[in-house]
Amino acid sequence: MQKLQAGSLLILHGTQSGNAQDVAERIGREARRRYLRYTVKSLQDLSTDELATAHFAVVVVSTTGQAKLPASTKAFWRSLLRRSLAPDLYCNLTYGVFGLGDSGYQNFNTAAKKLDRRLQALGARPLLPKGLADEQQPGGCSSGDTSVALDSKLCCTLLPDITNGTANGSHSGLMDAAEVQAASRAFHALESAATSHHTPANGPAGPCPDSPFMAQLLSNERITATDHFQDVRHLVFGTAGSGLTWEPGDALAILPRQSDANVHALLHRLGIPAFARVRIELPGESSHDGQPASIEVSAAAVVAGVVDVAGSSPRRFLFEVLAQLATEEREVDRLQYFASPEGRDDLHTYNQGEGRTLLEVLDDFKNVVIPLEWILQAAPRLKPRLFSLASAAICHPGEAHVCAAVIDYQTPHRRRKRGIVTSWLAGAYASQQGPRVPIWIEPGSMHLPVDPGVPLILISAGTGIAPFRAFLEHRHSARKQGQEMAPCYLYFGCRGHAADFYYADQWKQYQQDGVLDRDKGLRIAFSRDGPAKRYVTHLIQEDNRNLWQLIQEGANIYVAGSATKLAQSVLTALELLVAEAAPMPNAAAQKYVRQLEAGRRYFVEAW
């Protein structure tokens, strides 16, 4: 095997349900045990140029359904297919591909095979033949020893209490937001040093994950009827003086604020006083190249800023760690089963299926003593929640608008689950002195065409309307300034006019002003107001001649909404539209729609 010390090993994953990420993280742990420098990264966060700077890479990718690539890989795959890429772009790259598939499908492990062929076509050299795991085999993609060696890359030590538990307002139970952010930054810098991934001395100029802007919540308005089952909010954040800029289609990243009660509950479960300070260090390391080898922080602050205590479900790695630490027979048996290939489905039902959180899992396995260093390595990380911006910056200076549904549901076992961000914001009081919310901008997956003469077909349901409000506000503003604009066509699905017809007056005004076509530009499907349910797909079928004419004239199609319902049903409706209106055979219609996507004329943002 070639030596990798000369450069960092890039471990990439493209995952739909999390299995490929699990395998990638396991490879990362094996790399760390061998003292290799490595980075684990999602393909959705990778550019083709960034991959060209790597010398060694391992790619773990799953194939979903009928030969489909995971949603997280599609943007990277499209960029990898560009004809403008040089045939020797990856001539310095040595790589391996490991695919997760199911031979029960005709196109077995297609994603891995495609990726392997394309990397070789661009000059990359395979280190070894591609690996193709098969879910139909007894070992599946987790064959072999599933135990995890507990060789922690961190060491945590409680520091002596010199304040008698009264420092920094500990008895009040309140955590300072600045202290939480500082602890989070310090921990991530330490972790980067552990993997030899140096943090640049000069970070991004504007707000970013390591330095978010603390925005005021200026407005918090419920925009669904009070008797409607779903609580949807229009939220306005103050951004004056932040330096934040964005384009219609970008997303607002909001870092969750964890409740003091949940953070202190986790510390209590770990046997750590709420006021304690800890030293976190890299065993056997000393400071070098400006990277820290140890930090001293508040235990509450580092947990609040790093660990998702009561939001996301843990990955399988936590159960592997717990299985190694358990001593009570019943818990040992159950955790070892969950960590095994045979227990994968039952683990998914228990964990993700029920939305169990870190606190709930630790409560179910009460006798397991787990140190803080393993919580910091194996527990789910606190990640930002992304919301499509529902406003054009040019129309609302100093403000960023979001349309967000408050997550509140019951699991199959009738356990209530609430969204950590939306529940917090829904109950927040908006004012100039209101709560400060850590935010920054993340680039979106779809944007307006440069040419204002391109017609827009906008198809959405529910809160999927958010990016289209930004689109239409931007075009309305440009039209008021005298620019010639092609008309837009908005297809929106909701339950009822009085229940959840978001921004109805604004759409009607835009139709009067000509931003939306005055004749056919506003098409609303109310699924519960009439004797029969009507969805946007019904409207697409009814308007197939007009839509086909617009497509032939060069219109761009944008779809935003539910990945499980809207995206696939609209795709099917568009393929049927092309087949009937062109007319052409179904296979040719499907190919035509794929060509629209490849030509950057068909965009989907689904969640």
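Residues numbered from 1 in each chain as written. Predicted model: local features only at pLDDT ≥ 70, side-chain atom pairs only at ≥ 80, totals over all residues. Heavy atoms only, no water.

A. Structural view of the overall build of the protein chain. For the protein chain, the helix and strand inventory stands at 20 helices and 22 strands. The buried share among the 607 residues of the protein chain stands at 52%. Expressed as a percentage of contacts within the protein chain between residues at least 6 apart in sequence, the contacts between residues at least 24 apart total 77%. As presented, the protein chain carries roughly 28,500 Å² of accessible surface, and 50% of it is formed by carbon and sulfur atoms. (Helix = DSSP H or I, 4+ residues; strand = E, 2+ residues; numbered from the N terminus. Buried < 20%, exposed > 50% of the residue type's maximum accessible area, 1.4 Å probe, protein only. Contact = heavy atoms within 4.5 Å. Areas by Shrake-Rupley, 256 points an atom, 1.4 Å probe, with all protein chains shown as cover.)

B. Just the sheet that holds strand E18 (residues 456-461), in detail. The parallel open sheet is built from 5 strands, whose spatial order is E20-E19-E18-E21-E22. Because the sheet does not close on itself, it has two edges, and the strands there are strand E20 (522-526) and strand E22 (602-606). With strand direction ignored, the average angle separating the axes of adjacent strands in the sheet is 10°. Sheet topology note: the strand E19 (residues 488-494)/E20 ladder contains 5 bridges and is parallel. Considered in E20, the bridge of Phe 492 is made with Ile 524. (Pairing = 2+ DSSP bridges. Axes fitted to C-alpha atoms, helices over the stretch in contact; angles between N-to-C directions.)

C. Seen up close, empty space enclosed by the protein. Going through the model one piece at a time under the given rule, you end up with 5 cavities of 30 Å³ or more. Volume-wise, the second largest cavity comes out at about 60 Å³. Leu 43, Val 61, Leu 69, Thr 73, Phe 76, Trp 77, Ala 111 and Leu 115 are the residues that line the second largest cavity. Classifying every residue of the lining of the second largest cavity by side-chain character gives 7 nonpolar, 1 polar and no charged. (1 Å grid on protein atoms, 1.4 Å probe; cavity = no way out; pocket = protein on both sides within 12 Å on 5 of 7 lines; lining within 4 Å. Points joined across faces, edges and corners; volume = space filled by probe spheres on them. Nonpolar A, V, L, I, M, F, W, Y, C, P; charged D, E, K, R; others polar.)

D. Broad picture of the pattern of salt bridges. For the structure shown, the criterion picks out 21 salt bridges. One salt bridge connects Arg 233 with Asp 231, and the closest N-O pair in it is separated by 2.8 Å. Residues Arg 233 and Asp 231 agree in their burial class; the two are buried. Arg 469 is the partner of Glu 473 in a salt bridge, and the nearest nitrogen-oxygen pair spans 3.3 Å. One end of the pair, Glu 473, and the other, Arg 469, are both in helix H14 (residues 466-480), 4 residues apart, so they sit about a helical turn from each other. (Salt bridge = Lys/Arg side-chain N within 4 Å of Asp/Glu carboxyl O.)

E. Inspection of the sheet that holds strand E11 (residues 277-281) at higher detail. Pairing is antiparallel across the open sheet formed by 3 strands, whose spatial order is E7-E11-E12. Of all the strands in the sheet, the pair left with one neighbour each is strand E7 (155-158) and strand E12 (294-298). On average, each strand axis in the sheet is inclined to that of its neighbour by 25°, with strand direction left out of account. Two elements, E7 and E11, share 4 bridges in a ladder whose sense is antiparallel. When the bridges of E11 are listed, Cys 155 appears paired with Glu 281.

F. Spotlight on the packing of aromatic side chains. One pass over the structure, following the stated rule, counts 14 aromatic pairs. Measuring from centroid to centroid gives 5.1 Å for Phe 338 and Tyr 350, while their planes differ by 25°, and the two rings are stacked. Within this pair, whereas Phe 338 is found in helix H9 (residues 329-338), its partner Tyr 350 is found in helix H10 (residues 344-350), the two being separated by 12 residues in sequence. The burial state of Phe 338 is the same as that of Tyr 350; both residues are buried. Three or more aromatic residues joined by ring pairs form one cluster here, namely Phe 319, Tyr 337, Phe 338 and Tyr 350. (Phe/Tyr/Trp six-rings, centres within 6.5 Å; stacked < 30°, edge-to-face > 60°.)

G. Inspection of the nonpolar core at higher detail. Of all hydrophobic cores here, the largest spans 51 residues; its most connected members are Leu 266, Ile 280, Val 307 and Ile 375. Element by element, the count of residues in this core is highest for helix H7 (residues 299-306), at 7 residues. Those residues in contact with Val 307 that lie beyond four places of it in its chain are Gln 258, Leu 266, Val 302, Leu 358, Ile 375, Leu 376, Ala 379, Pro 380 and Leu 382. The next biggest cluster of nonpolar side chains, apart from the first, holds 30 residues, and it includes Ile 223, Tyr 503, Trp 507 and Tyr 558. (Core = buried A, V, L, I, M, F, W, Y, C linked by side-chain atoms within 4.5 Å.)

H. Layout of a positive patch on the surface. On the surface, a cluster of positive charge is made up of Lys 114, Arg 117, Lys 591 and Arg 594. Here Arg 117 lies in helix H4 (residues 110-121). (Patch = residues over 30% accessible without salt bridge, like charges linked within 9 Å, V, L, I, M, F, W, Y side chains within 5 Å. Lys, Arg positive; Asp, Glu negative; His and termini not counted. Charge placed at Lys NZ, Arg CZ, Asp CG, Glu CD.)

I. Spatial organisation of the pairing of E18. Burial analysis of E18 places 5 of its 6 residues in the buried class, the great majority of the element. As paired strands, E18 and E19 are joined by 6 bridges and run parallel to one another. Paired with Ile 459 across the strands is Tyr 491, a residue of E19. What joins E18 to E19 is H14, and the crossover it makes is right-handed. Relative to strand E21 (residues 556-561), E18 runs parallel, the two being bridged by 5 bridges. In the strand pairing of E21, Leu 456 is matched with Asn 556. (Right-handed = clockwise from strand over helix to strand, strands pointing away.)

J. Representation of the state of the cysteines within the structure. Counted according to the given criterion, the structure contains 0 disulfides. The thiol of Cys 156 is unpaired, and the distance to the nearest cysteine sulfur, on Cys 155, comes to 6.8 Å. (Disulfide = S-S within 2.5 Å.)

K. Just the packing of helix H19 (residues 566-581) against helix H20 (residues 586-598), in detail. The N-to-C vectors of H19 and H20 enclose an angle of 120°; their axes lie 8 Å apart at closest approach. When the interaxial angle is binned, H19 and H20 end up oblique. Note on packing geometry: the crossing formed by H19 with H20 is right-handed. The residues of H20 that touch H19, namely those facing Leu 571, Leu 574, Glu 575, Val 578 and Ala 579, are Asn 586, Ala 589, Gln 590, Tyr 592 and Val 593. (Parallel < 35°, antiparallel > 145°, perpendicular 65-115°, else oblique. Left-handed = near helix turned anticlockwise from the far one by under 90°.)

L. Main features of the packing of helix H6 (residues 260-270) against H7. One way to put it is that H6 packs onto H7 with a least axis distance of 10 Å and a crossing angle of 115°. Note that H6 runs across H7; the crossing there is right-handed. Contact residues: H6 offers Val 263, His 264, Leu 266 and Leu 267, while H7 offers Ala 299, Ala 300, Val 303 and Ala 304. Among the residues making up the contact of H6 with H7, the classes are represented as 7 nonpolar, 1 polar and no charged.

M. Structural context of the pairing of strand E10 (residues 251-254). Side chains Ala 251 and Ala 253 of E10 all project onto a buried face; the interleaved residues Leu 252 and Ile 254 project onto the opposite face, where all are buried too. As defined by bridge partners, E10 adjoins strand E13 (residues 385-388) across 4 bridges and the pair is classed as antiparallel. Looking at the pairing, Ala 251 lines up with Ser 388 of E13.

N. Broad picture of unusual backbone geometry. In this structure, the amide linkage connecting Ala 582 to the following residue, Pro 583, adopts the cis form with an omega of -20°. Its location among the elements puts Pro 583 in the loop between H19 and H20. Even without a glycine there, the phi angle at Tyr 503 is positive, about 60°. Turning to its location among the elements, Tyr 503 is positioned in the loop between helix H15 (497-500) and helix H16 (504-513). The backbone of Arg 600 sits at a positive phi, close to 60°, despite the residue not being glycine. Assignment of secondary structure puts Arg 600 in the loop between H20 and E22. Classification of Arg 600 by relative accessible area gives partly exposed; the value is 44%.

Such coordinate-based values are descriptive only and should not be taken to indicate function.
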